[in-house]
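Coordinate analysis (summary)
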Amino acid sequence: MYYRASTQQQARRLAVAGWVRNRPDGSVEAWLEGAPDAVEALLAWMRRGPAGARVTDITVTETLPRNDADFVVTD
């Protein structure tokens, strides 16, 4: 399973809302919101990714929530 789809699966399992998408430079960008423990758990998973993923760095920026209700993969 690919990184974005796996991230979506993990986010839904943890009840984290938001989105994940590929960026033109090949990196992945995500918006996460939910209970702080759930978001931290998803970030910990994202630092490893699914089997076969190569995660080299994660940058976290906190911002105001948008109150998303689901977690989706976007273009």
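Residues numbered from 1 in each chain as written. Predicted model: local features only at pLDDT ≥ 70, side-chain atom pairs only at ≥ 80, totals over all residues. Heavy atoms only, no water.

Test applied: UniProt positions are given in the numbering used here, feature names are shortened, and annotations may be inferred rather than shown by experiment.
An unreviewed UniProt entry annotates the protein as acylphosphatase originating from Alloalcanivorax venustensis ISO4. One UniProt comment on the protein, placed under Sequence similarities (unreviewed entry), says "Belongs to the acylphosphatase family." The record in UniProt for the protein states the following under Catalytic activity (unreviewed entry): "an acyl phosphate + H2O = a carboxylate + phosphate + H(+)".

**Quick word on the overall build of the protein**
What counts here: Strands here are runs of E lasting at least two residues and helices are runs of H or I lasting at least four, both read from the DSSP assignment and numbered beginning at the N terminus. In this treatment the radius of gyration is a C-alpha quantity, and the globule benchmark scales as 2.2 Å times the residue count to the 0.38 power. Buried residues are those whose accessible area, probed at 1.4 Å on protein chains only, stays under 20% of the maximum for their type, while exposed residues exceed 50% and partly exposed ones sit between those limits. Throughout, a residue-residue contact means that at least one pair of heavy atoms, one from each residue, lies within 4.5 Å. When charges are tallied, Lys and Arg are placed among the positive residues and Asp and Glu among the negative ones, while His and the ends of the chain are skipped. A charge is said to be at NZ when it belongs to Lys, at CZ for Arg, at CG for Asp and at CD for Glu.
When helices and strands are counted, the protein shows 2 helices and 3 strands. Along the chain direction, N to C, the helices and strands of the protein fall in the order α-β-β-α-β. Over its C-alpha atoms the protein spans a radius of gyration of 11 Å, differing by no more than 12% from the 11 Å that the globule rule assigns to 75 residues. In the protein, buried positions account for 29% of the 75 residues. Looking at the protein alone, contacts between residues at least 24 apart form 63% of all its contacts between residues at least 6 apart. Computed over 9 positive and 10 negative side-chain charges, the inter-centroid distance for the protein is 6 Å.

**A look at the environment of Gln-9**
As for its position among the elements, Gln-9 is in helix H1 (residues 3–14). By relative accessible area, which is 46% here, Gln-9 ends up partly exposed. Distance from Gln-9 to Phe-71, taken between C-alpha atoms, is 8.6 Å for residues 62 residues apart in sequence.

**Looking at the sheet that holds strand S3 (residues 71–73)**
This is how the line gets drawn: Any two strands between which DSSP finds at least two bridges are classified as paired. All axes are obtained by fitting lines to C-alpha atoms, using only the stretch in contact for helices, and the reported angles, taken between N-to-C directions, cover 0 to 180 degrees.
Strand order across the open sheet formed by 3 strands is S2-S1-S3, with mixed pairing between neighbours. Because the sheet does not close on itself, it has two edges, and the strands there are strand S2 (28–33) and S3. Averaged over all pairs of adjacent strands, the angle between their axes in this sheet comes to 5°, without regard to strand direction. Strand contacts of H1: strand S1 (17–22), S2 and S3, with the helix running at about 170° to S3, the strand carrying the most contacts.

**Describing the UniProt feature "active site" (unreviewed entry) in the protein**
With numbering aligned to this structure, UniProt lists the feature "active site" (unreviewed entry) at Arg-4 and Asn-22. Spanning 19 residues, the named residues nonetheless gather at one spot, since no C-alpha pair among them exceeds 8.0 Å. With respect to the element layout, Arg-4 can be found in helix H1. Overall, Arg-4 belongs to the partly exposed group, its relative accessible area being 26%. Apart from the residues lying within four places of it in its own chain, the contact partners of Arg-4 are Val-20, Arg-21, Asn-22, Val-28, Val-73 and Thr-74. On the secondary structure map, Asn-22 appears in strand S1. Among the residues examined, Asn-22 registers a relative accessible area of 39% and is labelled partly exposed. If near-sequence neighbours (up to four positions away) are discounted, Asn-22 is found in contact with Arg-4, Ser-27, Val-28 and Asp-75.

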